[in-house]
Every structure is written in C-alpha cells, then in structure tokens.
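A structural walkthrough
Chain by chain, the residues:
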Amino acid sequence: MKKILALALTAAFSVSTFAQDFPSKPITIVVPFAAGGPTDLVARQLAEAMRKPLGGANIVVENAAGAGGTIGATKVARATPDGHTLLVWHIGMAATAGLYRKLPYKPLEDFEYLGMINDVPMTLLGSPKLPANTYRDFENYIRTNGGKLNLAHAGLGSASHLCGLMWQSAVKLDKSMTTIAYRGTGPAMNDLIGGQVDVMCDQTTNTTSQIEGGRVKAFAVTTAKPLSSHKLLKDYPSLQEMGLKGFNLTIWHAMYAPKGTPAAVTKKLNDALQVALKDPDFIKRQEALGALVTTDNRVTPAGHKAFVSSEITKLKTVIDAAGQFAD
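Residues numbered from 1 in each chain as written. Predicted model: local features only at pLDDT ≥ 70, side-chain atom pairs only at ≥ 80, totals over all residues. Heavy atoms only, no water.

So, about the overall build of the protein. From N to C terminus, the protein includes 11 helices and 11 strands. In terms of principal-axis extent, the alpha carbons of the protein reach across some 80 × 40 × 30 Å. Among the 327 residues that make up the protein, the fraction classed as buried is 51%. For the protein, the proportion of contacts with a sequence separation of at least 24, taken over those separated by at least 6, is 78%. When the accessible area of the protein is evaluated, it comes to approximately 14,700 Å², of which 54% is carbon and sulfur surface. (Helix = DSSP H or I, 4+ residues; strand = E, 2+ residues; numbered from the N terminus. Buried < 20%, exposed > 50% of the residue type's maximum accessible area, 1.4 Å probe, protein only. Contact = heavy atoms within 4.5 Å. Areas by Shrake-Rupley, 256 points an atom, 1.4 Å probe, with all protein chains shown as cover.)

Read from one edge of the open sheet, five strands run β7-β6-β8-β5-β9, paired in mixed fashion. Each end of this open sheet is capped by a strand with a single partner; those strands are β7 (178–181) and β9 (217–221). Between one strand and the next, the sheet's axes are offset by a mean angle of 25 degrees, whatever the strand orientation. Inspection of the sheet shows strand β5 (residues 122–126) paired to strand β8 (residues 199–203) by five bridges, in the antiparallel sense. The residue of β8 that forms the bridge with Leu125 is Met200. Contacts between helix α7 (residues 185–194) and the sheet are confined to β5, β6 (150–153) and β8, with β8 contributing the most and set at about 140 degrees to the helix. (Pairing = 2+ DSSP bridges. Axes fitted to C-alpha atoms, helices over the stretch in contact; angles between N-to-C directions.)

This part covers the environment of Asn270. As for its placement among the helices and strands, Asn270 is situated in helix α9 (residues 263–277). By relative accessible area, which is 7% here, Asn270 ends up buried. In sequence terms Asn270 and Leu86 are 184 residues apart; their C-alpha atoms lie 12 Å from each other. Not counting the four nearest positions on each side in its chain, Asn270 is found in contact with Leu114, Gly115, Val299, Thr300 and Pro301. Of note is the side chain of Asn270, whose polar atom sits 2.8 Å from the backbone oxygen of Val299. (Polar contact = N/O pair within 3.5 Å; in protein donor to acceptor, adjacent residues only side chain to side chain.)

Now for the state of the cysteines. Counted under the stated rule, the structure contains one disulfide. Between the sulfur of Cys163 and that of Cys201 lies a disulfide, 1.8 Å long from S to S. The disulfide joining Cys163 to Cys201 has a torsion of about 50 degrees about its S-S bond and is therefore right-handed. With Cys163 in helix α6 (residues 159–171) and Cys201 in strand β8, the pair connects residues that are 38 residues apart, well separated along the chain. According to the relative accessible area criterion, Cys163 is buried, its value standing at 0%. Overall, Cys201 belongs to the buried group, its relative accessible area being 1%. (Disulfide = S-S within 2.5 Å.)

We now examine α9. Between its first and last C-alpha, α9 extends 21 Å over 15 residues, near the 21 Å set by a 1.5 Å rise per residue. Within the span of α9, buried status applies to Val265, Thr266, Leu269, Asn270, Ala272, Leu273, Ala276 and Leu277. One face of α9 carries all of its buried residues, which in axial projection span an arc of 160 degrees. Residues Ala263 and Lys267 are exposed on α9 and point more than 90 degrees away from its buried face. (Expected span 1.5 Å × (residues − 1). Arc of directions from axis to C-beta.)

Attention shifts here to the confidence of the model for the protein. Looking at the protein, pLDDT values average 92 and 94% of them are 70 or higher. Low pLDDT, under 50, characterises residues 8–14; the stretch is placed with zero contacts to residues that sit more than four places away or in other chains. (pLDDT = per-residue confidence, 0-100.)

To continue, consider the packing of helix α4 (residues 92–99) against helix α11 (residues 301–322). For any two helices packed against each other, the geometry comes down to the angle between their axes and how far apart the axes lie. The geometry of α4 relative to α11 is characterised by a closest axis approach of 8 Å and an angle of 40 degrees between their N-to-C directions. Judged by the angle between their axes, α4 and α11 are oblique. Seen from above, α4 lies across α11 with right-handed handedness. Two secondary-structure elements touch here, α4 through Met93, Ala94, Ala95, Ala97, Gly98 and Leu99 and α11 through Val308, Glu311, Ile312, Leu315, Lys316 and Ile319. (Parallel < 35°, antiparallel > 145°, perpendicular 65-115°, else oblique. Left-handed = near helix turned anticlockwise from the far one by under 90°.)

Glancing now at the environment of Ala159. Looking at the element boundaries, Ala159 is found in helix α6. Ala159 sits in the buried class, given a relative accessible area of 8%. Between the alpha carbons of Ala159 and Arg183 there is a distance of 13 Å; along the sequence they are 24 residues apart.

Our next topic: α7. Within α7, the full set of buried residues consists of Thr185, Ala188, Met189 and Leu192. Buried residues of α7, seen end-on, are gathered within an arc of 95 degrees and therefore sit on one face of the element. On its buried face, α7 is in contact with β5, β6, β8 and α8 (204–212). One or two positions beyond α7, positive phi appears at Gly195, with a value near 85 degrees.

With five bridges joining them, strand β1 (residues 27–31) and strand β2 (residues 59–63) adopt parallel strand pairing. Along β2, the bridge assignment pairs Val31 with Asn63. The parallel pair β1 and β2, bridged by helix α2 (residues 38–51), forms a crossover whose chirality is right-handed. (Right-handed = clockwise from strand over helix to strand, strands pointing away.)

As structure tokens, this is what we get:
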C-alpha cells in the first residue's frame, strides 16, 4: 500500500513539475490550411497574443493543408500530448464529422478542448444582376426562380458550402438552386461579381470589401441578431430576424491539444488563451478581419466542447439531408 501511495505521489509530483516547466520548448500551432487564409491569420495573431502570458514562449505556426483540414487535425491528434503541439481550426472540426463518413480521429474524443477564439459572421450575397434589393424580395425571387439559378461555394465542406446548404434547407425551396463548387472563394466570388453565378454565402473576411465596393449585393447576415456594431453590415437584417427561426451560423475558430495532455498544462494554455482574448491589440486586429472575439462561456474547455457537440449535430443533420459527402 505504501509503495502504491509513493508511486502515486511521485507521478503527481512529476506532472506538477512538468506543468511548472511548461513550455519547455517551442509550441507549434498547426493550421490545417495553406498560409495566408483567414484561419492562418487568426492563428498567427493568436500566437503573438499568447506569447506574453506563456512567459515569452516561442510559438510557431505550421501549415498542414489538405483533405478539408483533416490532415492537420490528424497530425495533432497523433502528436505527443505534452501541450507543445496545438491545433487552431474553424467550424470544420464539427463539419467533418458529417462530411466524412470515415475519419482518422474522433472529434469529441481525440482532443483536449482548450477554448473558442472568435466568431466570423457570414453574409448572404447575390450577383449585382439580380433584380432584388432587400432580403424579402431576394427570398421571393429565389422561391420563384430557384430551379433556374446557381449557388456558388468554395468547395465541399467550405464555409460557403455549409452556409448555402443550411439556407436552402431553412427556406424549404420547392426547387433547389444548382450548386457549383469552385476551388476556393476567389474564383467563386469573381463569377458572382461577373454574374456567371447568382447567389453565394460566405464569411465577412471574404465578402466585406466586395460589399463595400458595390460589386455584389448583400441581403442578410447569418448571426442570430443583426450586427449592430459593424460599421458596414449594421443595416442588414439577420436571417433569424427575417423568419428563419433558429438560424445562427458563424465560422468560429478554436484551439485544441492532443488527448491526454496533462490537465495542469491545458489549464495553463486556457489561462493564456483567455488573457490573449482580452488583449486590446488582438481584439482590434480580429475586428479588422471581420471577426468577433469570443467572450462567453465557450472560452472554457467545457463550454467549448459542449458547443462543438451541438454544432456537430446541427451540421450533420443538414449534410445528411443534402446527401453531399466528402467520401
């Protein structure tokens, strides 16, 4: 009995010492997309904001793109669980659970949830050639002409794809629009501007400048409430406000560690994350991206995990109904 107690005390002391020494080497934040995109920018800004609360730690961002984000996520799930390899990912953590019928990891079981970072609102857009100027006119036009119109998105599982699926499901069109997949937001947006496609829904990081320049028509935002504090989008209604009960879709970002990372280390990381989320410079830089820094209980590991679980259920229902899978 004394031997077992001694071993337990030794183990507890080792974990405590490890946590005190953490980080003992550079921390790598894996981003499952190419450099330069919205998620990459969020991760790099967060890395800078977390350095100080982690005692000046060296934090580097590594891009591991491919397979809709699942390559990077798998890399982190299989990494040594010591807190030195982390993942920053967006809504894909929830969406891939429905899009991929075979995943090399379990989203709710193979990660330690560290906390949410932000929410990026989305906007429902139309080609400048569409005859509608308000959301109500837009919805009526789509209901009448849906079978003749095209809905663009940036690829299977992208933010714009998920938003388009959810919106069409919510409005219950008699005839769905023809969905056209592009290899990225850029070419999809170019064709929307040129009138080759009619409708698109995408995150504000990709749409704000186009709306501001008058190159596309904006009809609504996808948040639960209107964005009353947003300098450009404050005058657009939310879809929920326009009658789509319960419609609330943002492209959120969050941070994860491999399953089995010691609790003392995850607490240290979450504490640093929460300090970073209150950093005025970080908040300002996120707002410049069109993102809203998280301030509710989703910044806690438990709140974060509960939210992702609900998002998995919500998105899987829509994806299953559409029958659009990645494998």
